[in-house]
Amino acid sequence: MLEAGEPVQLVDARPRHFVSRQGDIAEGATWHDPDRVQDWIGELSKEKPVVVYCAYGFHVGCRTAMTLRDAGFDAKYMTGGHSGWRAMGGPLRMKS
């Protein structure tokens, strides 16, 4: 989706301890605490698809994407998560 230039909302949903330890985030992503979805869900647009990733692409990312889908978003999770993004050489930036 990103390579095709499609508008997408990229959500880093790694637990806080992963983000604070690693410090980097995928370029274009916004970090949101996966345990507080109801606090930030209003910041997303239902007009654009949402791609969620966590540390490894399993439980946290899947659970967050399912919560967003249940709320009416076109949400998917990124297989491989942040570790997969890094392994394929995806662009990174330091989390502010």
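Structural data are supplied above this passage.
Not measured: the values here are computed from a predicted model. Each residue is numbered by its place in its chain's sequence as written, counting from 1. Since the coordinates come from a predicted model, pLDDT governs what is reported: local features require at least 70, and pairs of side-chain atoms require 80 or more to be given and counted, while whole-chain, interface and lining totals use all residues. With hydrogens and water excluded, all non-hydrogen atoms of the structure serve as input to the side-chain values.

(A) Looking closely at the packing of aromatic side chains. Note on ring pairs: Phe, Tyr and Trp rings are taken, using the six-membered ring of Trp, and paired if centres are within 6.5 Å. Classes follow the plane angle, with under 30 degrees stacked, over 60 edge-to-face and the rest tilted. One pass over the structure, following the stated rule, counts one aromatic pair. Seen from their ring centres, F18 and Y56 are 6.0 Å apart, and the 85° between their planes marks the pair as edge-to-face. Separated by 38 residues along the polypeptide, F18 in helix α1 (residues 16–22) and Y56 in the loop between β4 (50–53) and α3 (59–70) bring together distant segments of the chain. Residue class for F18 comes out buried when judged on its relative accessible area of 14%. For a lysine, the NZ atom is tested; for an arginine, the CZ atom; a charge sits over a ring if that atom is within 6 Å of the ring centre and within 35 degrees of the ring normal. Its guanidinium or amino end placed over the ring of F73, K46 lies 5.4 Å from that ring's centre, counting from NZ or CZ. To qualify as a helix, a DSSP run of H or I must reach at least 4 residues; to qualify as a strand, a run of E must reach at least 2; elements of each kind are numbered from the N terminus. Each residue gets one of three labels from its accessible area relative to the maximum for its type: buried under 20%, exposed over 50%, partly exposed in between, using a 1.4 Å probe on protein chains only.

(B) Spatial organisation of α3. An ideal rise of 1.5 Å per residue puts 16 Å on twelve residues; α3 measures up with 16 Å between its terminal C-alpha atoms. Along α3, the positions that sit buried rather than exposed are V60, G61, T64, A65 and L68. Take α3 and look down its axis: the buried residues cluster within an arc of 125°, on one side only. Of the residues in α3, the exposed ones pointing more than 90 degrees away from the buried face are H59 and D70. Residues are treated as being in contact if the distance between any of their heavy atoms lies within 4.5 Å. Considering only its buried residues, α3 is in contact with α2 (37–40), β4 and β5 (75–77). Backbone geometry just after α3 places G72 at a positive phi near 100°. Expected span of a helix: the number of residues minus one, times 1.5 Å. By definition, the arc is the one covered by directions from the helix axis to the C-beta atoms.

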